[in-house]
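The residues making up each chain are set out below.
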Amino acid sequence: MTTHERELTAPADLCLPGGRLNPAAVGWTRRPLHRANLRGWGRRKRWEYWGVVTPSHIIGLVASSLDYAGVHGVYVLDRATGAEFAKDVVVPLARGAVLPDRSGAGTVSVRGGGLAIDIRQDPAATVIRATAPGVRIDLEVPLPEGHESLGVVVPWGPNRFQYTVKDVGRPARGRLRLGPDEFAIDPADSFAVLDHGRGKWPYAVTWNWAAGSGPGRSVQLGGKWTDGTGVTENALFTGGRLHKIGDELEWAYDRGDWLRPWRITGPRVEVEFRPFHEKVARTQLGVVASETHQCFGHFSGRVQDDDGAWVDLDGLTGWAEEARQRW
């Protein structure tokens with residue numbers, strides 16, 4: 001059941017010295033191996049997104065630079081009440097944003113409008129601190145021995161390309177403070193997902209993304225933005241081992257009612273996702289606009305691993321989203 005895509009096993013620079021895509025960097029990895037040596041200004045997109053699911057809350061943190069603006073945010077959902085906390089800021093020219101060129105190494109730091117996010121990446125763990133008026137998040141995300149992540153370089157062309165790392169199913173521990181209330185985050189029943197992105201994007205793009213985790217199993221699925229490039233960001237994880245899926249997938253969902261079940265299918269994928277909450281995020285900055293519908297919910301169905309066995313996804317929790325960007 002192996003994929004047709006090329007697996008990279010040695011470090012690679014994302015770009016050639018002149019700034020164009022390095023053809024030798026195209027492929028996928030089981031651990032971060034790319035250095036995002038991006039050059040130029042105006043089309044670069046760089047971000048770190050961490051999503052954390054606990055039995056009581058869902059947390060989202062984003063630190064990003066679009067060159068002409070930094071877009072940073074903290075989001076918390078109370079799963080019992082449906083109450084949301086959100087703090088989003090836009091910093092002109094992404095002033096002060098520090099985003100390293102390697103995933104899993106270095107420190108991410110952004111500030112703006114009373115929001116601060118600091119992410120220290122070490123070989124054994126990632127430590128995340130975020131503060132905004134009324135909220136404080138202190139997290140440690142250990143890296144278990146033998147844990148694999150999915151790295152993919154998506155080539156639209158020599159001057160438009162993206163490197164992404166989707167690291168799914170990491171245990172998370174720490175504390176969440178909301179106003180006067182404090183909640184413990186226990187690695188026995190909480191998990192974290194990283195979306196690390198570095199690239200040069202076209203002006204208009206739409207993507208789908210789904211990620212879900214449970215004990216010993218995780219799934220990472222994408223769509224639309226990789227179609228026709230020859231690579232995908234689809235994978236199953238069992239016991240920390242990555243099973244790469246090279247098929248483009250069909251996504252079926254109701255854009256008039258985002259809380260209806262979603263279906264994601266392909267030769268090795270038969271997945272249903274049932275949302276329990278919809279988060280809507282919109283940004284309008286003149287000719288720049290973004291609209292994301294991120295639904296949190298539960299997965300069911302099955303995915304086929306590299307050995308040909310079907311793995312049951314029932315009980316996995318996470319999200320599925322559609323994002324439309326003009327940037």
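Located above this text is the structure these notes cover.
Residues numbered from 1 in each chain as written. Predicted model: local features only at pLDDT ≥ 70, side-chain atom pairs only at ≥ 80, totals over all residues. Heavy atoms only, no water.

1. Side note on the overall build of the protein
So, step 1. Along its length, the protein carries zero helices and 26 strands.
So, step 2. Dimensions of the protein, computed from C-alpha atoms along their principal axes, come out at roughly 50 × 45 × 45 Å.
So, step 3. Relative to its 327 residues, the protein shows a buried fraction of 56%.
So, step 4. In the protein, the share of contacts with a sequence separation of at least 24, taken over all contacts with a separation of at least 6, comes to 55%. (Helix = DSSP H or I, 4+ residues; strand = E, 2+ residues; numbered from the N terminus. Buried < 20%, exposed > 50% of the residue type's maximum accessible area, 1.4 Å probe, protein only. Contact = heavy atoms within 4.5 Å.)

2. Quick notes on unusual backbone geometry
So, step 1. Of note, Asp67 is a non-glycine position whose phi angle comes to about 75°, a positive value.
So, step 2. Tracing the backbone through its elements, the reader meets Asp67 in the loop between β5 (57-65) and β6 (69-78).
So, step 3. Residue classification places Asp67 among the buried residues on the basis of a relative accessible area of 2%.

3. Focus on the pairing of strand β9 (residues 115-121)
When a strand is regular, its side chains alternate between the sheet's two faces.
So, step 1. Here β9 lies mainly inside the structure; five of its seven residues are buried.
So, step 2. Looking at chain direction, strand β8 (residues 106-112) and β9 are connected through seven bridges and run antiparallel. Looking at the pairing, Arg111 lines up with Ala116 of β9.
So, step 3. Relative to strand β10 (residues 125-132), β9 is paired through six bridges, and the arrangement is antiparallel. Bridge pairing links Ala116 to Thr131 in β10. (Pairing = 2+ DSSP bridges.)

4. What about the pairing of strand β20 (residues 241-245)?
So, step 1. Most of β20 sits out of view: four of its five residues are buried.
So, step 2. Taken together, the five bridges between strand β19 (residues 234-238) and β20 define a ladder with antiparallel strand orientation. Paired with Phe237 across the strands is Leu242, a residue of β20.
So, step 3. In this antiparallel pair of consecutive strands, β19 and β20, the connection spans two residues, and Gly239 shows a positive phi of 60°.

5. What about the sheet that holds β10?
So, step 1. In space, the six strands of this open sheet follow the order β8-β9-β10-β11-β14-β15, with antiparallel pairing throughout. Each having just a single partner strand, β8 and β15 (181-185) make up the two edges of the open sheet. In this sheet, neighbouring strand axes are inclined to one another by 10° on average, regardless of whether the strands run parallel or antiparallel.
So, step 2. Taken together, the five bridges between strand β14 (residues 173-178) and β15 define a ladder with antiparallel strand orientation. Within the sheet, the bridge partner assigned to Arg177 lies in β15 and is Glu182. (Axes fitted to C-alpha atoms, helices over the stretch in contact; angles between N-to-C directions.)

6. Things to note about the packing of aromatic side chains
So, step 1. Considering all chains together, one arrives at 20 aromatic pairs under this definition.
So, step 2. With a centroid separation of 4.2 Å and 20° between ring planes, the pair formed by Tyr253 and Trp262 is classed as stacked.
So, step 3. On the accessibility criterion, Trp262 (1% relative accessible area) is buried.
So, step 4. Ring centres 6.3 Å apart and planes at 90° place the aromatic pair Trp262 and Phe273 in the edge-to-face group. With Trp262 in strand β22 (residues 262-266) and Phe273 in strand β23 (residues 269-285), the pair connects residues that are 11 residues apart, well separated along the chain.
So, step 5. Phe273 sits in the buried class, given a relative accessible area of 0%.
So, step 6. Clustering of aromatic rings is evident, with ring pairs tying together Trp47, Trp156, Trp201, Trp207, Trp225 and Trp327.
So, step 7. Geometry around Tyr75 places Lys279 over its ring, the cationic atom sitting 4.4 Å from the centre. (Phe/Tyr/Trp six-rings, centres within 6.5 Å; stacked < 30°, edge-to-face > 60°. Lys NZ or Arg CZ within 6 Å of the ring centre and 35° of its normal.)

7. Observations regarding the side chain of Asp67
So, step 1. Of the polar contacts made by the side chain of Asp67, one reaches the backbone nitrogen of Gly42; its length is 2.5 Å.
So, step 2. Residues contacting Asp67, with those up to four places away along its chain left out, are Gly40, Trp41, Gly42, Arg43, Arg44, Leu93 and Ala94. (Polar contact = N/O pair within 3.5 Å; in protein donor to acceptor, adjacent residues only side chain to side chain.)

8. Here's the deal with the sheet that holds strand β12 (residues 150-157)
So, step 1. What the eight strands build is an open sheet, ordered β2-β12-β13-β16-β4-β5-β6-β7; its pairing is antiparallel. Edge positions in the sheet fall to β2 (28-29) and β7 (84-92), since each of these pairs with one other strand and no more.

9. Remarks on the nonpolar core
So, step 1. Judged by nonpolar contacts, the single largest core of 30 residues is most densely connected at Ile59, Val74, Val135, Ile137 and Leu176.
So, step 2. No other element matches the four residues that strand β11 (residues 135-142) contributes to this core.
So, step 3. The residues contacting Val135, other than those within four sequence positions of it, are Val74, Val76, Phe85, Ala130, Leu176, Arg177 and Leu178.
So, step 4. Core analysis: the next-biggest nonpolar cluster, separate from the first, contains 29 residues, Val152, Val205, Trp225 and Trp327 among them. (Core = buried A, V, L, I, M, F, W, Y, C linked by side-chain atoms within 4.5 Å.)

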